[in-house]
Amino acid sequence: MTGLENEIAAAARAQGFVLVGFTALRRLPREEFYSRWLADGRHGEMAYLARDPERRFDPRGLDARLRSVISLGFPYQAPAPSRVVDWRGEMRGRIASYALGEDYHDRVMALARSVAADLERLRPHALARLYVDTGPVFEREWAAEASLGWFGKNTNLLNRTHGSYFFLAEIFTDLELGGAPAPYGDFCGTCRRCIDLCPTGALEGGYVMESRRCISYLTIELRGAIAPELRPHLGNWIFGCDICQEVCPWNEEGRNQPSELEPYLPDLLMLDDEGFRARFRNSAIKRTKRRGLLRNVAVALGNTGNPDAVPVLAQALRREPEPLVRAHAAWALGRLGGDAAMRALRKASAIEADPAAAAEIAAALSLRSR
Ligand code: SF4
Ligand code: SF4
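Since the model is a prediction, treat every value here as computed from it, not as a measurement. (Residues numbered from 1 in each chain as written. Chains lettered and ligands numbered in written order. Predicted model: local features only at pLDDT ≥ 70, side-chain atom pairs only at ≥ 80, totals over all residues. Heavy atoms only, no water.)

Some details on the overall build of the chain
Now for step 1: Looking only at helices and strands, the chain has 15 helices and eight strands in total.
Now for step 2: Relative to the compact-globule value of 21 Å for 370 residues, the chain shows a C-alpha radius of gyration of 23 Å, a close match.
Now for step 3: When the backbone C-alpha atoms are referred to their principal axes, the chain occupies close to 70 × 45 × 40 Å.
Now for step 4: Here the chain, with 370 residues, has 54% of them falling under the buried criterion.
Now for step 5: Summarising the internal contacts of the chain: among those between residues at least 6 apart in sequence, 75% fall at separations of at least 24.
Now for step 6: Taken as a whole, the chain presents about 16,500 Å² of accessible surface, with 51% of it coming from carbon and sulfur.
Now for step 7: In the chain, 49 positive and 47 negative side-chain charges are present, and the distance between their average locations comes to 4 Å. (Helix = DSSP H or I, 4+ residues; strand = E, 2+ residues; numbered from the N terminus. Rg over C-alpha atoms; globule rule 2.2 N^0.38 Å. Buried < 20%, exposed > 50% of the residue type's maximum accessible area, 1.4 Å probe, protein only. Contact = heavy atoms within 4.5 Å. Areas by Shrake-Rupley, 256 points an atom, 1.4 Å probe, with all protein chains shown as cover. Lys, Arg positive; Asp, Glu negative; His and termini not counted. Charge placed at Lys NZ, Arg CZ, Asp CG, Glu CD.)

Right under this line is the structure:
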């Protein structure tokens, strides 16, 4: 590293970034891989990923003065492996660990801003443009180019010291930084734990993400109904999924399980608009909006197999204003079965006005009467 790069790295470490790398801007090399992934429709409804391909592959299109990018990695708390399988019967959902606490966009952006301010102190008038999941930038591609890690078979960027539990931030600048590219290497070896333990088969043979099957996509990005055949595989995940990271041997150190990541599902299903806003105002979870989160909560309650979930689902079927949530509550009641669930479904079928929710109620009733 040059003297300036060392000074920037020290400033970044002082802000808590554990990974720092520099890359001279060039056209990203995995264009063909990514174009094929898009052409295959594997991005599902995430249309924004297909926008602005030119600037994504070559950020000099954002601003012709840019010369290099500083890639930063900030660690976050990792979940405990013991929770991977042992959830049935409990009415607790699971939230991906990156969503714990204050929205990471705000937290990491504030820290990256401090690094950019130090950069401007070191080189007055230097241009600095920041991105934390906030623009048409392939963050992980740049981090890989900066040798912060390799793309694992779970498609995450993996670092041998820090695993994959870190957020990325980039500072694009007109300074000349970054020497010759130094590839990180692939340390997955013969391991295929992420592939074998993904509940939905979203990783297929590894290194490629079929988003349309991934729980993270289904619970966060997908706006409409979740395909019935995938719902049982969601288990109790209600916002994202950590499984392919939890099982990765490179993430074995320093885990614990903050209880906020396992919220009590009936409480969530009863949240009204105001309650949702109050609870998730500063959290990344607000991305799903209330209707998306409660849709996921209904599915998770159905997957618990716990008859104690019936009353709260029945109440949602009666009182919930969002048809999408009622529809998924109906599915969950059908999955749980039992007299009380069937009574709630029959009552609801007499009054349901929304065609999609009515179809879900009818499907749940016919499933149980077969
Ligand atoms: Fe599979 Fe979950 Fe990983 Fe998605 S996040 S690929 S569903 S293990
Ligand atoms: Fe690679 Fe194994 Fe980690 Fe998957 S679980 S990313 S195969 S090391």
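What to know about the pairing of strand β1 (residues 19–24)
Taken residue by residue, a regular strand's side chains alternate between the two faces of the sheet.
Now for step 1: For β1, the buried fraction is high: five of the six residues fall into the buried class.
Now for step 2: Sheet topology places β1 next to strand β2 (residues 68–75); six bridges connect them, and they run antiparallel. Looking at β2, one finds that Gly21 is bridged to Ser71. (Pairing = 2+ DSSP bridges.)

Focus on the site of ligand 1
Now for step 1: What surrounds ligand 1 is the set Cys198, Pro199, Thr200, Ala202, Leu203, Met209, Cys214, Ile215, Cys241, Ile243 and Cys244.
Now for step 2: Class assignment for the residues of the shell around ligand 1 results in 10 nonpolar, one polar and no charged. (Near = heavy atom within 4 Å. Nonpolar A, V, L, I, M, F, W, Y, C, P; charged D, E, K, R; others polar.)

As for the pattern of salt bridges
Now for step 1: By the definition in use, this model includes 23 salt bridges.
Now for step 2: In this structure, the salt-bridge partner of Arg42 is Asp40, at a minimum N-O distance of 3.9 Å.
Now for step 3: For Arg212, the salt bridge identified is with Glu210, shortest N-O distance 2.8 Å.
Now for step 4: Using a relative accessible area of 7% as the deciding quantity, one classes Glu210 as buried. (Salt bridge = Lys/Arg side-chain N within 4 Å of Asp/Glu carboxyl O.)

A look at the sheet that holds strand β4 (residues 128–131)
Now for step 1: The four strands lie next to each other as β1-β2-β7-β4, forming an open sheet whose pairing is antiparallel. Of all strands in the sheet, those with a lone pairing partner are β1 and β4, marking the two edges. The mean angle between the axes of side-by-side strands here comes to 20°, regardless of whether they run parallel or antiparallel.
Now for step 2: Sheet strands touched by helix α1 (residues 3–14): β1 and β2. Its angle to β1, the strand with the most contacts, is close to 145°. (Axes fitted to C-alpha atoms, helices over the stretch in contact; angles between N-to-C directions.)

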